[in-house]
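Topology and contacts: notes
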Amino acid sequence: MARILLDELPGPQRLALSYAPARARSATLALLALDARLGAVLRRAGEPVLAQIRFAWWRDRLAAEPASWPAGDAVLGLLRDWRRPAALGRLVDGWEGLLGDSLEAAAIGAFAEGRGEAFAELARELGAEPARAAACGRLWALGDLAANLSGADERAAVIAAAAVLPPCPPLPRALRPLAVLAGLARRSLARGGGPLIEGPRALWLAVRLGIAGR
């Protein structure tokens, strides 16, 4: 099950997850895998109505009692251990907000908040400070979004939104993957929103953050 989910993760997330301590690995994989599934719904949204139905399916599953969840889904299988999976509904909302024909400021903000709150909930699961995780999650959200936009104007709008975010504060070891993602996002945004992992310097940054956390 974990192998399947690992293969679904984009490169930066897979690299970041490799620095998760053993006790945090399953919960972190669950969140990153859910995020990747939601991203896949958006990328395949040839028909927005069908994408909205799929987002609604995820929102409804997360809001329901885990005992009622369908068996066989690897992401839901990992999320069954979470105390408050319904809190991840804002992550679904953030992804769904990107369905519009144009990327509005409200959608950018909702996406950042959705990922930020998702990492805050992961922090609660791991006994860490949620506010710090939320701040770093918002930074990663916008860095990753900018890196995946083809339009220069939309990318500039995301970079401008990221510029007013507070910096990512130091994180505990349990949240080391988030430290890696936020650090790569900060570097990418400073360079105009390119890929999070681009060249040996980005890889060295990820290794440094993964080992030392700063």
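In what follows, the accompanying structure is described. Only a predicted model underlies this, so the values are computations on that prediction, with no experimental measurement involved. (Residues numbered from 1 in each chain as written. Predicted model: local features only at pLDDT ≥ 70, side-chain atom pairs only at ≥ 80, totals over all residues. Heavy atoms only, no water.)

A word on the state of the cysteines. Overall, the coordinates contain 1 disulfide when judged by the stated rule. Disulfide pairing is shown between Cys136 and Cys168; the S-S distance is 1.9 Å. Sign of the S-S torsion, about 90° for the bond between Cys136 and Cys168, identifies this disulfide as right-handed. Of the two residues, Cys136 is situated in helix H8 (residues 130-147) and Cys168 in the loop between helix H9 (152-163) and helix H10 (176-190); the sequence distance between them amounts to 32 residues. For Cys136, a relative accessible area of 0% translates into the label buried. (Disulfide = S-S within 2.5 Å. Helix = DSSP H or I, 4+ residues; strand = E, 2+ residues; numbered from the N terminus. Buried < 20%, exposed > 50% of the residue type's maximum accessible area, 1.4 Å probe, protein only.)

With that settled, the discussion passes to the pattern of salt bridges. For the structure on display, the rule yields 10 salt bridges. Here Asp35 ties to Arg115 by a salt bridge, and the two come within 2.7 Å at their closest N and O atoms. On the criterion of sequence distance, the pair formed by Asp35 in helix H3 (residues 22-43) and Arg115 in helix H7 (residues 105-126) is long-range, its members being 80 residues apart. For Asp35, a relative accessible area of 4% translates into the label buried. Note that Arg124 and Glu121 form a salt bridge whose closest N and O atoms lie 2.9 Å from each other. With Arg124 and Glu121 both in helix H7 and 3 residues apart, the pair spans about one turn of that helix. Judged by relative accessible area, Glu121 falls into the buried class, the value being 3%. (Salt bridge = Lys/Arg side-chain N within 4 Å of Asp/Glu carboxyl O.)

Each α-helix turn comprises 3.6 residues. Residues three or four places apart therefore point the same way. Taking 1.5 Å per residue, 15 residues should reach 21 Å; H10 reaches 21 Å between its end C-alpha atoms and fits that length. With respect to burial, H10 is a largely interior element, 13 of its 15 residues being buried. (Expected span 1.5 Å × (residues − 1).)

On to the packing of aromatic side chains, then. Throughout the structure, instances matching the rule amount to 3 aromatic pairs. Here Trp95 and Phe111 contribute two aromatic rings whose centre-to-centre distance is 4.9 Å and whose plane-to-plane angle is 80°, an arrangement assigned as edge-to-face. Placement of Trp95 in helix H6 (residues 89-96) and of Phe111 in helix H7 is noted, with a sequence separation of 16 residues between them. Owing to a relative accessible area of 8%, Trp95 belongs among the buried residues under this scheme. Between Phe119 and Trp140, the ring centres sit 5.8 Å apart and the planes meet at 85°, which makes this aromatic pair edge-to-face. Linking Phe119 in helix H7 with Trp140 in helix H8, this pair joins segments that are 21 residues apart in sequence. Exposure class is identical for Phe119 and Trp140. Each is buried. The ring of Trp140 has Arg115 lying over it, and the distance from NZ or CZ to the ring centre is 3.7 Å. (Phe/Tyr/Trp six-rings, centres within 6.5 Å; stacked < 30°, edge-to-face > 60°. Lys NZ or Arg CZ within 6 Å of the ring centre and 35° of its normal.)

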